[in-house]
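Letter by letter, the chains look like this.
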Amino acid sequence: MNRPVTVRVQKVKKNRIRTRLFFFLFLAVILVLVSFFADQIVPYDPYAQDLGLSRQPPSPAHFMGTDQYGRDVFSRVVVGAKASVFSTLVLVCVTSVFGTVTGTLCGYFGREIDSVVMRISDVCLAFPGLVFALAIAALLGGGMSNAVIALAVISWPKYARVARGQTLALKNSDFVAAAKLAGDNSAQMILRHILPNILGPILVTAMLDIGTMMMELAGLSFLGLGAQPPVAEWGNMMSGGRSMLQTYPWLVLSPGVAIFLTVVTFNLLGDTVRDYMDPKNSGS
Amino acid sequence: MKKILAVLLVLCIAAGILSGCGGGANTPAASGKKKIFVFGDTTFNAENEEPDINPHNAYSGWPCIRYGVGETLMKIADDGTLKPWLAKSVTNVNETTWEIVIKDAVRFSNGKKCDAAAVKACLEHLVKVHERAAGNLKIASMKADGQKLTIVTSEPNPILMNYLSEGYGCIIDMETGIPKNGCVVGTGPFVATEVVTDNHVKLVKNTNYWDGNVKIDEVTVRTISNGDTLAMALQSGEINGAYGMAYASYPLFENNKFKFSSIQTSRCFWGMMNFHKENPGYRIMSDPAVRKAIAMGINKKGFVDVLLKGYGYTAAGAFPDSFAFGKGINTVSYDPGQAKKILQEAGWVDTDGDGIREKDGTRLAIRWLTYPSRQELPLLAESAQATLKDIGIEVQINNTKNHNSIRKDPQAWDVWVSANVNAGLGDPQNFFDTYCLDSSIKNSGGHHSDNLEKLAVQLRGAFDPGERAKIAVKMQQELLDDNSYFFCSFLRMSMIMQANVTGLTAHTCDFYELTADLDIK
Amino acid sequence: MKHYAVRRLLQLIPILFAITFLSYGMMRLAGSDVVEQKMENTGGTVSQEMIDAAREELGLDKPFIVQYVTWLGKLAQGDMGVSYVSGKPVFSTFVSKLPATLLLAVVSILLTVIVSIPLGIWSAVNQNKAADYVIRTASFIGNSLPNFFVSLLLMYFFAIRLNWFPVISRDVSLQSVALPSVTLAIAMSAKYLRQVRATVLDELSKDYVLGAKARGVKFSTTMMKSVMKASLVTIITLLTLSIGSLLGGTAIVESIFMWDGVGKMAVDAINMRDYPIIQAYVMWMAVIYVLVNLVTDVSYRYLDPRIRLGGTEQ
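In short, a report on the structure.

Right, let's talk about a nonpolar patch on the surface for a bit. All names here are of chain A. On the surface, Phe22, Leu25, Val29, Leu33, Phe36, Phe37, Ile41, Phe86, Val90 and Val94 cluster together to form a nonpolar patch covering roughly 910 Å² of accessible area. When residues of the nonpolar patch are traced back to their parent elements, those giving at least two are helix H1 (7-36) and helix H3 (73-109). A relative accessible area of 34% means that phenylalanine 86 is categorised as partly exposed.

This paragraph deals with the packing of aromatic side chains. To describe a pair of aromatic rings, you give the distance between the ring centres and the angle between the ring planes. In the structure shown here, the tally under the stated rule is 45 aromatic pairs over all chains. Measuring from ring centre to ring centre gives 5.9 Å for A:Tyr248 and A:Trp250, while their planes differ by 70°; the resulting arrangement is edge-to-face. Residue classification places A:Tyr248 among the buried residues on the basis of a relative accessible area of 12%. With centroids separated by 5.9 Å and ring planes inclined at 85°, the aromatic side chains of B:Phe319 and B:Phe431 adopt a geometry described as edge-to-face. Residue B:Phe319 is located in the loop between strand E13 (312-314) and helix H10 (336-345), and its partner B:Phe431 is located in helix H13 (residues 429-435); the two are separated by 112 residues in the primary sequence. Side by side, B:Phe319 and B:Phe431 carry an identical accessibility label, which is buried. An aromatic cluster is present here, built from B:Trp270, B:Phe319, B:Phe323, B:Phe325, B:Phe431, B:Phe432, B:Tyr435, B:Tyr485 and B:Phe487 joined pairwise through their rings.

With a phi angle near 70°, B:Asp510 is a residue other than glycine that sits in the positive phi range. With respect to the helices and strands, the residue B:Asp510 is situated in the loop between strand E20 (501-502) and strand E21 (519-520).

Our focus in this paragraph is the pairing of strand E12 (residues 258-273) of chain B. All names here are of chain B. Within E12, 12 of the 16 residues are buried, which leaves it mostly tucked inside the rest of the structure. Across 12 bridges, the pairing between E12 and strand E19 (residues 485-498) is antiparallel. Along E19, the bridge assignment pairs glutamine 264 with arginine 492. As judged from the seven bridges shared by E12 and strand E18 (residues 415-421), these two strands associate in the antiparallel manner. In the sheet register, cysteine 268 faces E18, and the bridge partner there is asparagine 420.

Right, let's get into the environment of A:Pro43. Residues and elements named next belong to chain A. By secondary structure assignment, the location of proline 43 is in the loop between helix H2 (38-41) and H3. As for proline 43 and leucine 105, which are separated by 62 residues in sequence, their C-alpha atoms are 48 Å apart. Dropping the residues within four chain positions of it, proline 43 is found in contact with Asp72, Phe74 and Ser75.

Listed per partner, the contact involves 23 residues of chain B and 16 residues of chain A. Between chain B and chain A, roughly 1,700 Å² of surface is buried when both sides are summed, and carbon and sulfur atoms account for 53% of that area. Three residues, B:Ala248, B:Val306 and B:Glu382, lead the burial of chain B against chain A; their summed loss comes to 30% of the area buried on that side. Here chain B and chain A share two salt bridges between them. Residue A:Arg242 pairs with B:Asp228 through a salt bridge whose shortest N-O separation is 2.8 Å. At the junction of chain B and chain A, the tally comes to nine residue pairs in polar contact (both at pLDDT 80 or more). At the level of elements, helix H6 (227-235), helix H9 (300-307) and helix H11 (376-390) of chain B are the ones that each hand at least two residues to the side of chain B that touches chain A. In terms of residues, the side of chain B that touches chain A owes the most to one element, H11(B), which gives six residues. For the side of chain B that touches chain A, a count of residues per class yields 11 nonpolar, nine polar and three charged.

Looking now at the packing of helix H4 (residues 111-126) of chain A against helix H1 (residues 2-29) of chain C. Packing of H4(A) against H1(C) brings their axes to within 10 Å, and their N-to-C directions diverge by 70°. By the angle class used here, H4(A) and H1(C) are roughly perpendicular. Judged by the sense of rotation from one axis to the other, the crossing of H4(A) with H1(C) is right-handed. On the side of H4(A), the interface is formed by A:Asp122, A:Val123 and A:Ala126, while H1(C) contributes C:Ile15, C:Ala18, C:Ile19 and C:Leu22.

In this section: the pattern of salt bridges. Throughout the structure, instances matching the rule amount to 36 salt bridges over all chains. A salt bridge links C:Arg197 to C:Asp132; the nearest nitrogen and oxygen atoms lie 2.9 Å apart. Here C:Arg197 is found in helix H8 (residues 174-204), whereas its partner C:Asp132 is found in helix H6 (residues 130-143), with 65 residues between them in sequence. A relative accessible area of 12% means that C:Arg197 is categorised as buried. By sharing partners, the salt bridges in this structure join A:Asp67, A:Arg71, A:Arg76 and B:Glu382 into a single network.

Right, let's get into the side chain of B:Gln429. On the secondary structure map, B:Gln429 appears in helix H13. Polar side-chain contacts of B:Gln429 include one of 2.8 Å to the side chain of B:Arg468.

Reading the values: rules and limits
- Residues numbered from 1 in each chain as written.
- Chains lettered and ligands numbered in written order.
- Predicted model: local features only at pLDDT ≥ 70, side-chain atom pairs only at ≥ 80, totals over all residues.
- Heavy atoms only, no water.
- Patch = residues over 30% accessible without salt bridge, like charges linked within 9 Å, V, L, I, M, F, W, Y side chains within 5 Å.
- Areas by Shrake-Rupley, 256 points an atom, 1.4 Å probe, with all protein chains shown as cover.
- Salt bridge = Lys/Arg side-chain N within 4 Å of Asp/Glu carboxyl O.
- Helix = DSSP H or I, 4+ residues; strand = E, 2+ residues; numbered from the N terminus.
- Buried < 20%, exposed > 50% of the residue type's maximum accessible area, 1.4 Å probe, protein only.
- Phe/Tyr/Trp six-rings, centres within 6.5 Å; stacked < 30°, edge-to-face > 60°.
- Pairing = 2+ DSSP bridges.
- Contact = heavy atoms within 4.5 Å.
- Buried area = accessible area lost by both parts, 1.4 Å probe.
- Polar contact = N/O pair within 3.5 Å; in protein donor to acceptor, adjacent residues only side chain to side chain.
- Nonpolar A, V, L, I, M, F, W, Y, C, P; charged D, E, K, R; others polar.
- Axes fitted to C-alpha atoms, helices over the stretch in contact; angles between N-to-C directions.
- Parallel < 35°, antiparallel > 145°, perpendicular 65-115°, else oblique.
- Left-handed = near helix turned anticlockwise from the far one by under 90°.

Structural data, given as structure tokens:
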């Protein structure tokens, strides 16, 4: 709101956002740590079958029950974080870095590179997201890494666009012109003046992208085009447990709730990062 | 503010209308006077080589005979014996000549009389276009005279009539032929009006049916590939009967609103090994110790008791022991300890500590090819994956609808596991002819045994059932002794239906699902 | 205006060529030879002569670019080959299943608009009050649930528990479309609602609104005029951006609800490696997407004169 605000009010607001940021960052870091050390922290071997313990409801020994092969669902959900969270982070990191670099170069140098890369990105963007991912999955066959590649191909242009737009705007700004006069070469220019200034919007885009990408990756696995059994992955686990939604609901709900909570955490983090970066909320 | 409220009010009304439209319209049986039956089937699809209902195409004869569109000359009773159906009588004049008299009353659904000439035209077309049928039937010539059809085979074929009872033996009117829309004209109680691959087939009552009055006016068979969708559709009353329900859903139907029709079948979950030299896994698969360890490393009992919830029984050979040709077969049983020892002795040792054995730089990993539309198969694969890992064999599962084209590539798999009705025709020969011999179309693993070929020749010439059973037992033993094939279990198959459905009965041969008896009370 | 539309249409031509080229090239790359695939899928064994003959007939012995041009020529006549699985012409199969998907998409969009605009405005007007928090929380939840999870839950509650809607679609009807379209609309509404709310908040803080308020002009009158228009522009922008995920999202939802549209067709085809069908799906979806983008782009300019002058990049 555009109400006249005092510096004091703004500072309080900024502090509140910062607290929120740390809180969600803390949750996200925990999730990432869980996905990193999943193999060490699980109570049971997530792949060890024991048909004698088939389809046990949740109990103190098996916090989320067991599946039809008698595997501990909680251990599988934890290990599933490795597939879901870790893959998503890799995916978002790679696409955002690649997209930013190409976008910045395009914006800075313009001319042929710009038009070639932008036409390529036009074509990538001409195919609706998941449709293209489905086609690539069809081409490469199932598997988690192929699903990640499929989603990477469709998501880099988004970052390239943002980075290019920002670079174009900066290129004509006074301080870049000044730096140029001071004798900075292109590499220095990009590294010192352009990249640091466009990282904000890129970071916000990337943060908000994590939740979406995680769901799309799980969606591909759900269709059988991502992770393959017996790999524990949330989408895959839900697809395997579908027929047991009514009879053994913990098999579907456990991975479902895991996806939901993880996506919520990353979405909230993304929102907070955006608020934090928003100049309207800046107290300085 | 008022306007916003107005908008919201409109929204609520819109939502109300939408939900109101939906209210209580989910009872297909109750619509009007017409009796409509909706059947959900998980297996009617291209994945099972059943893209349509044309009996002269791949395994499409199966839906043709299951859904009551086509009928065969003889019918296979639940004990495996043949009973006359379209045929009034069959006489085996000599080893190669058969005289079949067609019932006078038989009419195609278009009203045309089904005489010997019509049957002859149908079978002539069949053997021309259908490789498997031609190989099975070995028809040299046919002669039609009124209702009497004489078939002469090129060599003795004791089970000609059994083969003619297979799905491909459905008699269709060749004057109509194979229409573009796939709606072949048979003699059965139902007439196809629309066929959409992997989606549905629509049927209407055959008003010209020769064998009694058909009680159901319209039938839709829906291909429903997901077990949970099938279960929910049956629960909500959108379908009246279901084939291929997931075992995990059975508790939902074990109450007085639903009925089961279950029967022990000879549908076997079994695997064949790849013996092709060009296969990258040849070094592994050609080692008898590995094959034996695989056979000993599969927990058949756990698979049946837990994963199939007891709806089945473990297998020794290719056929259930309720048949004479399924008795007295010796095979290894589940014994992980022994399996480990065998591998150890053969030189397969885990040297790098990852739990998987190696020998001369070859890692003991096998590629397990299977497919999802038989819901038991992925369960078997994942179960075997764990038990085999325990003895040091890594199993890489390739569970794909596309398995039928992959199995033809000798380099793409090591073990192919499928589910087939091995004694559906009441006789063992079909199984060997299809999967195990040099001449077999689906011997995709390239298995060869001189002894087996010799026994197969004997079997083809033997007319006495006792003699045939003895040879068949020897042949199975041949397959099991070098563990080139393994047989896990047989299916106790079930169809689940609304309590008001009558006349929907499961049969051992897995045919004859929709018949004239089908009714909704 | 006209000039702009024409220019956009001209820009479309190279993109369309790129789409067709990529769709064709991708499927040619798809592992084994088309002819062998076809033979394998239809079953039976074939001789080398038969394969060679079929290859020649399909022109597969010619250079790639010649093949592509031939394929384009056939495409122009609506000939995209036949499905390996059903043996039916690909183009007519696609066309027969397209209306179902379009209906699903249109109903989902309508539901989204009906839900997100009023709720977004309401939420903004009541900023930081109970209603706002409830709506925002709900939209947050909707935005964080994968659509396959939503479908399973909707199916369970509305089809099994309440028996309001069918589990499987028997036909293309309003009743059958309800659950799949609600599934798609939930995620979209959640996203749009937040944007509409932000736009309205932005608009409400503008000087003219504050001024009007100070002059004692009735609050709702000013709001309905300018705010509605501003939020409509937001919605259209967002629709353009998310039509892609909508077209892709139908694939998952269609296969769950057995909705007989192109999305389910594509998933089935991928499982059976039925390349001609996949090719048709990818290509036509891209073409539809590009055309929808064009239409929204043009209407966008029409609705918001500021952009007409600004000439921002799209």
